[in-house]
Amino acid sequence: MNKTISILKFFIGWPLAVVAIIFLIKLFLPQFSSIQSKIDNVNISLLILSVMLFICYYYLRCYLWKKILEAKGHKIPLMKIAYLWEISEFKRYVPGNVWSFLSRVSLFSSAGVEKKVVGLALLDEIQLIIISCTLISIFCLPLILGSNQSIQLLRQMQIIILGSSAAIIIYSLVVAFLFQKRGLGSFKDNLFLPGYSLRQKIFLTLISTVTFFIFGVATLVTCLSVFSFEPKLFFELSAFFTFALLAGYLSFITPMGLGVREGIIALGLSSIISVSIAGFLSIFSRIVLIISEVIFLLIVLTFEIFAKIKKK
């Protein structure tokens, strides 16, 4: 049965992702000559800044995970957590986001964290990601409402936000009921991040929101390194890029949301710039994101190697 599911995920996941990427490439290839100058004249300073911001984003994701585990009674050094977290996250390049989850359970259980605790922590992280990204996404509404593609984008946004909200509400109600039944607090206190104090809930939500807003800013800076937007759109665009991330995160079929995020970015940007450039920017930002993650992986891997050498 598991083998059948894996095969289905492979044949459904990657072909859809490849088709989406091919579609985006075809959008800007006919006008590649006009885009070539932007690649040749890339602003290196902004490009380096965007990579640094993406690395900061990954670092904060690890810090958020560390704080979630600490709230559950497990104190692990940040760089050790960063190493295990990033290794598990890299598994999302395999079709189906579930592989990164399974890998994280396996890796952190080998580090002394019970599988049940890791599973609950993952649910808490998912809740934080969806809520914080949804809050940020609200601020891109003026950009979407003012675009020629507003109806299509609004429909996608409604489906994603309503779907994620429904999932969070159902999850919260079920967990709150189970916690109350076991005498682990009131129903109201366990609706959001059950088992955490109010102070911890506020702190984790704040860290998560800052983390994903930085992702949006990093994506904006990446685009600015090869293309200029009006400064008045910077905040809304940053929020829009976070919304595109949320859409990709909620797509469990395609690997790492590949194609979904790019499609929404291309559609959204096509209302203020040409379709070809919008398609190029969506792919270019993905490439820079992947490069940044590889750099982050090398950093945490280096720390892990030195830590092991130091122990010897």
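Definitions and cut-offs
- Here the residue numbering is sequential within each chain, running from 1 through the sequence in written order.
- This being a predicted model, a pLDDT of at least 70 is required before a residue's local features are given, and a value of 80 or more before pairs of side-chain atoms are given or counted; all residues contribute to the totals for chains, interfaces and linings.
- Values shown for side chains rest on all heavy atoms present in the structure; no hydrogens or waters enter the calculation.
- Put simply, DSSP H or I for four residues or longer makes a helix, DSSP E for two residues or longer makes a strand, and each gets a number counted from the N terminus.
- Partly exposed residues are those whose accessible area sits between 20% and 50% of the maximum for their type, while under 20% is buried and over 50% is exposed, using a 1.4 Å probe and protein chains only.
- Throughout, a residue-residue contact means that at least one pair of heavy atoms, one from each residue, lies within 4.5 Å.
- Each reported salt bridge corresponds to a side-chain nitrogen of Lys or Arg within 4 Å of a carboxyl oxygen of Asp or Glu.
- Every angle, taken between N-to-C directions, lies between 0 and 180 degrees, and every axis is a line fitted to C-alpha atoms, over only the stretch in contact when it is a helix.
- By definition in this entry, angles of less than 35 degrees are roughly parallel, angles greater than 145 are roughly antiparallel, angles of 65 to 115 are roughly perpendicular, and the rest are oblique.
- Left-handed describes a crossing whose near helix is turned anticlockwise from the far helix through less than a right angle; right-handed describes the clockwise counterpart.
- Three residue categories are used. Nonpolar comprises Ala, Val, Leu, Ile, Met, Phe, Trp, Tyr, Cys and Pro, charged comprises Asp, Glu, Lys and Arg, and polar comprises the others, including Gly.
- Across the chain, each position has a pLDDT score giving the predictor's confidence in that residue, from 0 to 100.
- The criterion is simple. A nonpolar core is a set of buried Ala, Val, Leu, Ile, Met, Phe, Trp, Tyr and Cys residues joined through side-chain atoms within 4.5 Å.
- Each aromatic pair joins two rings of Phe, Tyr and Trp (for Trp, the six-membered one) with centres within 6.5 Å, and gets the label stacked for planes under 30 degrees apart, edge-to-face for over 60, and tilted for any other angle.
- Lysine NZ or arginine CZ positioned within 6 Å of the ring centre and within 35 degrees of the ring normal marks a charge as sitting over the ring.
- Patch definition: residues with relative accessible area over 30% and no salt bridge; like charges joined within 9 Å; nonpolar side chains (Val, Leu, Ile, Met, Phe, Trp, Tyr) joined within 5 Å.
- Using the Shrake-Rupley algorithm and a 1.4 Å probe, accessible areas are obtained, with residue cover drawn only from the displayed protein chains.

Attention shifts here to the overall build of the protein chain. Scanning the protein chain from terminus to terminus reveals 12 helices and zero strands. In the protein chain, which comprises 312 residues, the proportion classed as buried is 48%. Considering only residue pairs separated by 6 or more positions, the protein chain has 73% of its internal contacts joining residues 24 or more positions apart.

What the rule picks out here adds up to 10 salt bridges. As a salt-bridge pair, Lys 72 and Asp 124 come within 3.0 Å of each other at their nearest N and O atoms. Of this pair, Lys 72 sits in the loop between helix H3 (44-71) and helix H4 (78-89) while Asp 124 sits in helix H6 (residues 115-137); the two residues are 52 residues apart in sequence, bridging distant segments of the chain. With relative accessibility at 3%, the residue Asp 124 sits in the buried group. A salt bridge links Glu 230 to Lys 232; the shortest N-O distance between them is 3.5 Å. Accessibility expressed as a relative area gives 45% for Glu 230, which makes it partly exposed. What makes Lys 232 exposed here is its relative accessible area of 65%. One salt-bridge network, in which partners are shared between bridges, spans Arg 61, Glu 89, Arg 104 and Glu 125.

Taken N-terminus to C-terminus, the directions of H3 and helix H12 (residues 275-311) make an angle of 60 degrees; their axes are 9 Å apart at the nearest point. As judged from the angle between their axes, H3 and H12 are oblique. Classified by chirality, the crossing of H12 by H3 is right-handed. Side by side, H3 and H12 meet where Leu 47, Ser 50, Val 51, Phe 54, Ile 55, Tyr 58, Tyr 59 and Cys 62 of the first sit next to Phe 284, Val 288, Leu 289, Ser 292, Glu 293, Ile 295, Phe 296 and Ile 299 of the second. The class makeup of the residues in the contact of H3 with H12 is 13 nonpolar, two polar and one charged.

All right, on to the confidence of the model for the protein chain then. Per-chain confidence: the protein chain averages 77 in pLDDT, with 67% of residues scoring 70 or above. Within the protein chain, the lowest mean pLDDT, 47, falls on helix H1 (residues 2-28), and the highest, 95, falls on H3. The model gives residues 4-17 a pLDDT under 50, and that stretch makes 24 contacts with residues more than four places away or in other chains. Note on residues 253-257: pLDDT under 50 across the span, and 29 contacts to partners over four residues away in sequence or across chains.

Turning next to the environment of Leu 193. You can see Leu 193 is positioned in the loop between helix H8 (150-181) and helix H9 (198-224). The spacing of Leu 193 and Leu 128 is 65 residues in sequence and 8.3 Å in space, taken between C-alpha atoms. Non-local contacts of Leu 193, meaning those with residues more than four positions away in its chain, are made with Asp 124, Gln 127, Leu 128, Lys 201 and Leu 204.

Moving on, we get to the nonpolar core. Core analysis: the largest hydrophobic core is formed by 72 residues, its most contacted members being Trp 65, Phe 108, Phe 229, Leu 269 and Leu 281. In contact with Phe 229, not counting residues within four places along its chain, are Leu 220, Cys 223, Leu 224, Phe 234, Leu 237, Leu 269, Ile 272, Ile 273 and Leu 281.

To describe a pair of aromatic rings, one takes the distance between the centres and the angle between the planes. In this structure the tally under the stated criterion is 12 aromatic pairs. Site record: aromatic cluster; members linked through ring pairs are Phe 54, Tyr 57, Tyr 58, Phe 212, Phe 215 and Phe 296. In this arrangement the basic side chain of Arg 104 is found over the ring face of Trp 65, its NZ or CZ atom lying 4.5 Å from the centre.

Relative orientation of the contacting elements H3 and H6 amounts to 130 degrees, with a least axis distance of 10 Å. Here H3 lies oblique to H6, going by the angle between them. For the element pair H3 and H6, the recorded crossing hand is right-handed. Side by side, H3 and H6 meet where Arg 61, Leu 64, Trp 65, Ile 68 and Leu 69 of the first sit next to Val 118, Ala 121, Leu 122, Asp 124, Glu 125, Leu 128 and Ile 129 of the second. Along the lines of polarity and charge, the residues of the contact of H3 with H6 split into nine nonpolar, no polar and three charged.

Next up on the list: a nonpolar patch on the surface. A cluster of nonpolar residues, Val 294, Leu 298, Leu 301, Ile 305, Phe 306 and Ile 309, forms a patch on the protein surface that exposes about 550 Å² of accessible area. For Leu 301, the position within the fold is in helix H12.

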